[in-house]
Amino acid sequence: LRHGKVRPNMAGVAALTCTRASVNATTALFARAVAAHEGCAFEKVAISQNLDGLSVAAAGADDSRMILYFHGGGHWLLTADAYRRFLRRLSFTTQARVVAVAYRKAPKDPFPAGLDDALTAWNWAREQHPDVSVAVAGDASGANLAFALVVRLAKMQAEQPVACIGISPWLHLNPEGSMQASYRRFCVDLYLGRNRKVTSVADPLVSPLYANEDLVSRFPPILMHVGKKELALLDVEEMATLLSSAGRVVETQVFPALDLNRWGVGSKFWTSDSLLRMDEFLYRLW
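All values derive from a computational prediction rather than experimental measurement.

Attention now goes to the pattern of salt bridges. Counting across every chain of the model gives 12 salt bridges. Among the ionic pairs, R284 bridges to E251, the shortest N-O distance being 2.3 Å. Taken together, the residues R284 in the segment after helix 9 (271-283) and E251 in strand 8 (residues 250-255) connect sequence positions 33 residues apart. For E251, a relative accessible area of 32% puts it in the partly exposed group. Linked through salt bridges whose partners overlap, the residues forming this network are D189, R194 and K197.

Written as structure tokens, this is what we have:
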């Protein structure tokens, strides 16, 4: 406070926090109600002292398979709870245990907090489950984290996951034109910390499309799904070209339509076909 008035940036953060709390609570409540009737084991897991995950295992899931999942929400919205039905379907279709990571988000915790949490989750998975095949996946901004994790592991010359799956992945965080692009730029400004930025959108840990050939040559097999009218379509096309040029395994699928919100709240829409293709891709790699 200054002279009894709320600073504009503080007021903005407070408003975003209130909006997020309302959206997160509503979506999580709906997802919990739907998933409760679909026979699946949900369990909170402690990844580290300050990081939790939601473990989801459908009946018959293979203990030797794990998917670390990073949910979307523009790096500032939603929770793993909001994705319960989709996570159940992902576990059921792939017969893998899915651990959705409750990573930190802007505006309170801007970059690199979320990516640090992604790396912590990866290290936990390898240390606690050394004999398990682990894939990483995510949608939209969550897919951005999954790909950024792959870039970070490549920089470290560390072990990579068996695969990385991106659903409508945000791979270039400085798009131009359209309402979708405007919203993404708003999210990116929050994610990078606004006036507290420690890097730029040209950092491959922020925009994985900026990864150089040496880094891309260390990427795991990649699968990307996207809707034909989405802003992310260009991201997918450019990443596929980059991977192919580096001789990496990459598969893409463009669907006729997509409403990302339906991933979280559980509509069947076109996700059945997408999930089956994910299972086919992973089956060759586990």
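Now that the structure has been shown, the text picks up again.
This part covers the nonpolar core. Formed by 85 residues in total, the largest nonpolar core has its most connected members in L68, F70 and M224. For this core, the element with the highest residue contribution is helix 4 (residues 141-156), accounting for nine residues. Among all residues touching L68, those that are not within four sequence positions of it are V99, V101, A121, W122, W124, A125, V134, A135, V136 and A137.

We now examine the sheet that holds strand 5 (residues 133-139). A sheet is described by the order of its strands in space; here eight strands give the open sequence 1-2-4-3-5-6-7-8, paired in mixed fashion. Lying at the two open borders of the sheet, with one neighbouring strand each, are strand 1 (40-48) and strand 8. Direction aside, the axes of adjacent strands within the sheet are offset by 20° on average. Inspection of the sheet shows strand 3 (residues 62-70) paired to strand 5 by six bridges, in the parallel sense. Bridging across to strand 5, I67 finds its partner in A135. Packing against the sheet, helix 3 (residues 113-128) makes contact with strand 1, strand 2 (51-58), strand 3, strand 4 (96-101) and strand 5, and its axis sits at approximately 175° to strand 3. Against the sheet, helix 9 engages strand 3, strand 5, strand 6 (164-167), strand 7 (222-227) and strand 8, with an angle of about 170° to strand 7.

Among the eight residues that make up strand 2, six are buried, leaving the element largely enclosed by the rest of the structure. Strand direction decides the pairing type here: strand 1 and strand 2, joined by eight bridges, are antiparallel. The residue of strand 2 that forms the bridge with E43 is S55. The hairpin formed by strand 1 and strand 2 contains two residues between the paired strands.

A few words on unusual backbone geometry. Cis geometry is adopted by the peptide bond preceding P107, which originates at A106 and carries an omega value of 0°. Mapped onto the elements, P107 comes out in the loop between strand 4 and helix 3. With phi around 70°, H75 is a residue other than glycine that occupies positive phi space. Along the chain, the position of H75 falls in the loop between strand 3 and helix 2 (84-94). Classification of H75 by relative accessible area gives buried; the value is 2%. In this model, L78 sits at a positive phi of 70°, which is unusual for a non-glycine residue.

Rules behind the numbers
Residues numbered from 1 in each chain as written. Predicted model: local features only at pLDDT ≥ 70, side-chain atom pairs only at ≥ 80, totals over all residues. Heavy atoms only, no water. Salt bridge = Lys/Arg side-chain N within 4 Å of Asp/Glu carboxyl O. Helix = DSSP H or I, 4+ residues; strand = E, 2+ residues; numbered from the N terminus. Buried < 20%, exposed > 50% of the residue type's maximum accessible area, 1.4 Å probe, protein only. Core = buried A, V, L, I, M, F, W, Y, C linked by side-chain atoms within 4.5 Å. Contact = heavy atoms within 4.5 Å. Pairing = 2+ DSSP bridges. Axes fitted to C-alpha atoms, helices over the stretch in contact; angles between N-to-C directions.

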